[in-house]
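Structural features, examined
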Amino acid sequence: MANISSRSFRNIAGVKWYLTRNKKKRAENREYVAIGATNGALVSTFFAQMEKNHEKWGKSGQRVALERDKKGTIVRDEDGRPVERMDRSGRPVLEGEYVQYYSMVQGFGTDELDPNDPEAWKECQRRGLALAKQLSQQAASSTLKNGVIVDKKNADAAASDGHMALVVTEIGASGKLHNHIILDATNRFTGGQLNSAFMTHHRLAKTHDRVLAEIGVEQREDMAQLLAELEVRQKNGEKEASLRKIASEVRERSTAIEDRQDLRYEQWLKENELAKYDRLSELPVEPFAVGELKRRIEAVFRDERSVSWDQMQAAAAEQHLTIAKRGKDVSFGMMRQQADGSFAQPAKSDIRRGTTLGEEFTLERAEQAIEENGVARQQQDLQDEYEPEMRQLKTKTRADVKRIQQEQGLNDSPAVVNALANTYLVELTARGELEAQLQQVRQANEVAARQRAAQELEQQAQQEPAPIEINEPVLDLKVPEVPEPAERALSYRSQMRDLPLPFGAKREDAERRIERLASLDEDYQERFSAGQKPDAEFERRTKEIGIGRKVLDDPKYRDKFHPAVLAQLELRETAKSVANREHDQMVAIDESRLDEGRSARARFVKTRSQIREGKYELVAQRRELSPREQMRAEVERAEREQSREVDLPGR
């Protein structure tokens, strides 16, 4: 949303210092990105030109400033005389006898001009120069109409570019583009002062919007409605009407309307619940409510499946919502429940633009939600595949962040350190660098494990005597061959193959993943049902597919596995948790405790080897018991002790 504000000044020193100092020294560390001048002014000599122009027409004099209250009214003494303003030393404060310049700030939202795009900088500068040109033309033509004598040869120039202007484009601390427009109050051809009536907010806003429309820039619909209402009120003689006041009233009206809609929607929920139990009553038609529309939009933005526009629209359909792009904006439609229980497509009155709903519902926010969900899904997939390495990388990242915070004297509390570490990992994921980091951690762990294993074998070879070889007779045992049936009576077909496939670019990947899950389920269900144990091939395939806790907790996948296969996958997750616990214990051991650290490393290496071989049950037996299981084990142990004491002989 473009906006404009203005203020008059009688001293040129302040703006001269502000615009010419080194902006890099400012707190927000920003400097101007574009600068230009118009109406006969030059950027390099603008302030010198303005000072000479004031001296030429006798507008450079000074006077004693008068004291004013908060409303801008001149303060008077008991005798009714104006009170002069004094500085701390008791000396009169001087100001210009005439207004020297008008300072305007022209701002633009990030949805209009991207502050990171150099082309947007040029566009922002173009809009500022166009406004300065238009204001000069209005002021000069008004001066001529008021009877100021102008040379004929200078009349055309005075009517076009009599008031010099400087336009400085900056990126503010809020990250938005804005223009500082300095407009000389003295006409350089006639010496006439710019009429302050042109700089009142409502007239300046109207001029601003007209200039933008002339150069092909359209204001938002809600702003156009506010300006139209302002114009009607001014024609009706409402002197206190202003754009800010009307905008405040509109916000209050919209808030009151939303409150009434929410009350009506809550009443509908109760009536709808009662009608479900009364078969003779029709369901009441669902009313429209902006609050309910916003709740549905927020639910879609949070949905982890919303990683593209197609998938976001599919998730929105489940929430009975429609989403559509409209240029640089987005519209949301609320599908309302009908009397027969179906949901109708949104009527025109049930559709709202994102910019109308607020900053949290703009096109930029929707695209940001898609990006955040995509990064979160990618990070979760890597978490499932590289679970021990991810824990190790998180520990190292937190340690690095804490060290940097301490070196720079910044806040190193656990909450701040964790937040910064998580932000860093999210940035790595967004740049596609997290998987490479995890692979490096895995490779380093494998190299270290091989080195430790080699050292342990070498130590055992030096300490233990060579084994004695015993030649035992070989028994010739013939195992009777059991003929296999030619064909199965009924082949097993995995329920994974019944899963629906999504539409869009992800369909091929989803189809490939479901095929791999179904093949694994079909290949191993018969073996596990017969009592066989997993092998290294099962572990390799499970790891390649990426079956982790997230997949097993998802009912969409969990209910489709054969019970025997699901039991082994659950054992695998338990074994992984045991390996993670042993890894954390190994990392936590101080380097000074060599023997304890060596045994912990050997235990962790052995556990990882057993998991790679598919010996999940063997590893899962070492899991930590829950408090309830510990209590049950204590009771059973006490009962065994009691029964042993009773059965002792001689009692």
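The following refers to the structure shown.

Remarks on the overall build of the protein chain
In terms of helices and strands, the protein chain carries 22 helices and 10 strands. Scored against the burial criterion, the 651 residues of the protein chain give a buried share of 35%. Taking the intrachain contacts of the protein chain between residues at least 6 apart in sequence as the baseline, contacts between residues at least 24 apart amount to 66%. Accessible surface computed for the protein chain: about 40700 Å², of which carbon and sulfur atoms make up 49%.

Concerning the nonpolar core
By size, the foremost hydrophobic cluster in this structure holds 29 residues, and its most contacted members are M496, L517, F538, I547, F561 and L569. When residues of this core are assigned to their parent elements, the largest contribution, eight residues, is made by helix α19 (residues 563–588). In this structure L569 touches F538, T542, I547, L552 and F561, once residues within four positions along its chain are discounted. F288, A316, L357 and L363 belong to the second largest nonpolar core, which has 23 residues in total.

Description of the pairing of strand β6 (residues 165–171)
Along any regular strand the residues' side chains alternate between the sheet's two faces. With seven of seven residues buried, β6 lies mostly within the body of the structure. Side chains A165, V167, T169 and I171 of β6 all project onto a buried face; the interleaved residues L166, V168 and E170 project onto the opposite face, where all are buried too. Two elements, strand β2 (residues 34–38) and β6, share five bridges in a ladder whose sense is antiparallel. From the neighbouring strand, I35 faces β6, where its bridge partner is V168. Pairing of β6 with strand β7 (residues 177–184), which is carried by seven bridges, proceeds in the antiparallel orientation. Looking at β7, one finds that I171 is bridged to L177. The turn joining β6 and β7, which pair antiparallel and follow one another in sequence, is formed by five residues; a positive phi near 85° is taken by G175.

Observations regarding unusual backbone geometry
In this structure, N39 is a non-glycine residue whose phi angle is positive, near 60°. Positioned with a positive phi, H320 is a non-glycine residue whose angle comes to about 60°. Note that H320 resides in the loop between α9 (309–318) and β8 (321–326).

With respect to the sheet that holds strand β9 (residues 329–334)
Taken together, three strands build an open sheet; the order of strands is β8-β9-β10 and the sheet is antiparallel. The sheet is open, and its two edges are formed by β8 and β10 (351–353), each paired on a single side. Adjacent strand axes in the sheet meet at a mean angle of 20°, parallel and antiparallel pairs treated alike.

Observations concerning the side chain of R442
Turning to its location among the elements, R442 is positioned in helix α14 (residues 434–463). Classification of R442 as buried rests on a relative accessible area of 15%.

Looking at the pattern of salt bridges
Pairs may arise between side chains of opposite charge once their charged atoms sit close together. Per the stated rule, a full pass over the model turns up 36 salt bridges. Residues E286 and R296 are paired through a salt bridge, measuring 2.7 Å at the closest nitrogen-oxygen approach. With E286 in the loop between α7 (243–277) and α8 (290–302) and R296 in helix α8, this pair connects stretches of sequence that are 10 residues apart. The exposure classification of E286 matches that of R296, with both residues buried. For R295, the salt bridge goes to E292, with nearest N and O atoms at 3.2 Å. Of this pair, R295 and E292 are both found in helix α8, three residues apart, which corresponds to roughly one turn of the helix. Overall, the relative accessible area of 13% leaves E292 in the buried class.

Here's the deal with the environment of Q378
Of note, Q378 is situated in helix α11 (residues 363–385). On the basis of relative accessibility, which here comes to 36%, the residue Q378 falls in the partly exposed class. When the C-alpha positions of Q378 and A430 are compared, they lie 8.7 Å apart, and in sequence the two are 52 residues distant. If sequence neighbours within four positions are ignored, Q378 has contacts with T429 and G432.

Structural notes on helix α20 (residues 594–612)
For α20, which comprises 19 residues, the first-to-last C-alpha distance of 27 Å matches the rise-based estimate of 27 Å (1.5 Å per residue) to within 8%. Taken together, the buried positions of α20 are occupied by G597, A600, F604, T607, R608, Q610 and I611. Along the axis of α20, the buried positions cluster into a sector of 160°, meaning they face one direction only. In α20, the exposed residues that point more than 90 degrees away from the buried face are L594, D595 and K606. Elements in contact with the buried residues of α20: α12 (387–407), α16 (536–545), α19 and α21 (616–620). At the C-terminal side of α20, G614 shows a positive phi close to 85°.

A look at the packing of α11 against helix α13 (residues 414–430)
Axis separation between α11 and α13 bottoms out at 9 Å; the angle between their running directions is 95°. Classified by the angle their axes make, α11 and α13 are roughly perpendicular. In contact with V375, Q378 and Q379 of α11, α13 contributes L425, V426, T429 and A430. Counted by class, the contact of α11 with α13 contains four nonpolar, three polar and no charged residues.

Focus on the environment of R527
Mapped onto the fold, R527 is located in helix α15 (residues 507–529). Classification of R527 by relative accessible area gives partly exposed; the value is 36%. Between the C-alpha atom of R527 and that of A564, which follows or precedes it by 37 residues, the distance is 8.9 Å. Excluding anything up to four places from it in sequence, R527 contacts Q532 and D535.

Considering α11
Between the first and last C-alpha of α11 there are 33 Å, a value that for 23 residues agrees with the 33 Å anticipated at 1.5 Å per step. Those residues of α11 that fall on the buried side of the exposure criterion are L363, R365, A366, A369, I370, N373, V375, Q379, L382, Q383 and D384.

Thresholds applied
- Per chain, residues are indexed from 1 in the order of the written sequence.
- Local features in this predicted model are restricted to residues of pLDDT 70 or higher, and side-chain atom pairs are both shown and tallied only at a pLDDT of 80 or more, whereas totals for entire chains, interfaces and linings draw on every residue.
- As a rule here, side-chain values cover all heavy atoms of the structure and leave hydrogens and water aside.
- Numbering of helices and strands starts at the N terminus; helices are DSSP runs of H or I of at least 4 residues and strands are runs of E of at least 2.
- A 1.4 Å probe rolled over the protein chains alone gives each residue an accessible area, and that area as a share of the maximum for its type sets the label: buried under 20%, exposed over 50%, partly exposed in between.
- Contact between two residues is taken to exist if any of their heavy atoms lie within 4.5 Å; hydrogens are not considered.
- Accessible areas in this description were obtained via Shrake-Rupley with a 1.4 Å probe; residue shielding takes into account the shown protein chains only.
- Buried residues of nine kinds, namely Ala, Val, Leu, Ile, Met, Phe, Trp, Tyr and Cys, make up a nonpolar core once their side-chain atoms join them within 4.5 Å.
- When DSSP locates at least two bridges between a pair of strands, those strands are taken to pair.
- Think of each axis as a best-fit line through the C-alpha atoms, taken over the contacting stretch in the case of a helix, with angles from 0 to 180 degrees between the N-to-C directions.
- The working definition used for a salt bridge is a side-chain nitrogen of Lys or Arg within 4 Å of a carboxyl oxygen of Asp or Glu.
- Expected helix span is given by 1.5 Å per residue-to-residue step, counting one fewer step than there are residues.
- Arc definition: directions from the helix axis to the C-beta atoms.
- Any angle that falls under 35 degrees is termed roughly parallel, while one over 145 is termed roughly antiparallel, one within 65 to 115 roughly perpendicular, and all others oblique.
- When residues are grouped by polarity, Ala, Val, Leu, Ile, Met, Phe, Trp, Tyr, Cys and Pro land in nonpolar, Asp, Glu, Lys and Arg in charged, and all others, Gly among them, in polar.

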